[in-house]
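Chains, contacts and geometry: an overview
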Amino acid sequence: MIVSMIVAYGKNWEIGLNNQMLWHISEDFKNFKTITSGHHLLMGRKTFESIGKPLPNRTSLVLSNGDFEHEGVHSFNDIHEALNFARQRGEEELFIIGGATIYKTLFDYVDKMYLSEVDYSGEADAYLEEIDFSTWDLAQQKDYEAIIEDGKIKSPAWKFKVWVKRD
Ligand SMILES: NC(=O)c1ccc[n+]([C@@H]2O[C@H](COP(=O)([O-])OP(=O)(O)OC[C@H]3O[C@@H](n4cnc5c(N)ncnc54)[C@H](OP(=O)(O)O)[C@@H]3O)[C@@H](O)[C@H]2O)c1
């Protein structure tokens, strides 16, 4: 099983504010759905609460140090138990979907990264740790333009990149 991480971040590595996303990029959401469908998703309790429900066509694994329970999700107190659960169910690619604490804690386990670099800077209270790309190979890149409506940015420009850890 490979461990992948999928995240969208701003120019200052910002990823969230008040347990919400900082932008709405519908193409990025579609992309997220396509990439993660059929897979096990591993997330922190706060990210699950921000989403509010298990995502369809995927298996949600939620990490909490408490006794968190929610219909339709599998909860774990321990990272290794969660990873083993997915492995034992035959998962080939597990996705870490956040948030900040989980990306940081699990970064050393990550084999592949699906990154959306968003042309945004602003207030945030959740950040991704700066990534050193020197040990990663860029496997894929696609650039997206901003969507402007009535002279305002409806959706910022972003670059989608896939990185694979060098052996
Ligand atoms: N831009 C993006 O792509 C993206 C993606 C996802 C999330 N986000 C943003 O990220 C922010 C949330 O990040 P966050 O760091 O505050 O919360 P989080 O990582 O989603 O969840 C943190 C919680 O996970 C549990 N946890 C963390 N490490 C654990 C461990 N080793 N073992 C067991 N449980 C563990 C704890 O739950 P308990 O408190 O229950 O013990 C902890 O409070 C939000 O703003 C959200 O919108 C952004």
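Not measured: the values here are computed from a predicted model. (Residues numbered from 1 in each chain as written. Predicted model: local features only at pLDDT ≥ 70, side-chain atom pairs only at ≥ 80, totals over all residues. Heavy atoms only, no water.)

In this section: the site of the ligand. The immediate surroundings of the ligand are formed by 26 residues, with Ala-8, Arg-45, Thr-47, Ser-64 and Thr-101 found nearest. At 2.7 Å from an oxygen atom of the ligand is found a side-chain nitrogen or oxygen belonging to Ser-64. For the ligand, whose unbound accessible area comes to 940 Å², protein coverage reaches 84%. Here the element with the most residues in the shell around the ligand is helix H4 (residues 100-106); it accounts for four residues. Of the residues that constitute the shell around the ligand, the class distribution is twelve nonpolar, twelve polar and two charged. (Near = heavy atom within 4 Å. Polar contact = N/O pair within 3.5 Å; in protein donor to acceptor, adjacent residues only side chain to side chain. Areas by Shrake-Rupley, 256 points an atom, 1.4 Å probe, with all protein chains shown as cover. Helix = DSSP H or I, 4+ residues; strand = E, 2+ residues; numbered from the N terminus. Nonpolar A, V, L, I, M, F, W, Y, C, P; charged D, E, K, R; others polar.)

Right, let's get into the UniProt feature "domain: DHFR" (unreviewed entry) in the protein chain. Using the residue numbers shown here, the UniProt feature "domain: DHFR" (unreviewed entry) corresponds to residues 2-165. The annotated region residues 2-165 carries 21% helix and 38% strand content, and the separation between its end C-alpha atoms amounts to 11 Å. (UniProt positions renumbered as here; feature names shortened; annotations may be inferred.)

Now for the environment of Gly-52. Mapped onto the fold, Gly-52 is located in the loop between helix H2 (45-51) and strand E4 (59-63). The class of Gly-52 is partly exposed, set by a relative accessible area of 41%. Sequence separation between Gly-52 and His-70 is 18 residues, and the spatial gap between their C-alpha atoms is 9.8 Å. (Buried < 20%, exposed > 50% of the residue type's maximum accessible area, 1.4 Å probe, protein only.)

Let us look at the environment of Asp-119. Position of Asp-119 among the secondary structure elements: in the loop between strand E7 (112-118) and strand E8 (126-127). Residue Asp-119 is classed as partly exposed on the basis of its relative accessible area of 43%. Each C-alpha atom of the pair Asp-119 and Ala-157 lies 5.4 Å from the other, and the pair is 38 residues apart in sequence. Residues in contact with Asp-119, not counting those within four places in the same chain, are Lys-11, Pro-156 and Ala-157. (Contact = heavy atoms within 4.5 Å.)

What follows is about the packing of aromatic side chains. Inspection of the entire model under this criterion finds eight aromatic pairs. Measuring from ring centre to ring centre gives 6.0 Å for Phe-107 and Trp-136, while their planes differ by 45°; the resulting arrangement is tilted. Placement of Phe-107 in the loop between H4 and E7 and of Trp-136 in strand E9 (residues 136-144) is noted, with a sequence separation of 29 residues between them. The class for Trp-136 is buried, based on a relative accessible area of 4%. (Phe/Tyr/Trp six-rings, centres within 6.5 Å; stacked < 30°, edge-to-face > 60°.)

This part covers the environment of Tyr-9. Checked against the element boundaries, Tyr-9 lands in strand E1 (residues 2-9). Remark: the alpha-carbon pair of Tyr-9 and Asp-108, spanning 99 residues in sequence, is separated by 19 Å. Residues within four places of Tyr-9 in sequence aside, it is in contact with Glu-14, Ile-15, Trp-23, Leu-115, Ser-116, Glu-117, Val-118, Leu-128 and Phe-133. At 3.5 Å, the side chain of Tyr-9 forms a polar contact with the side chain of Glu-117.

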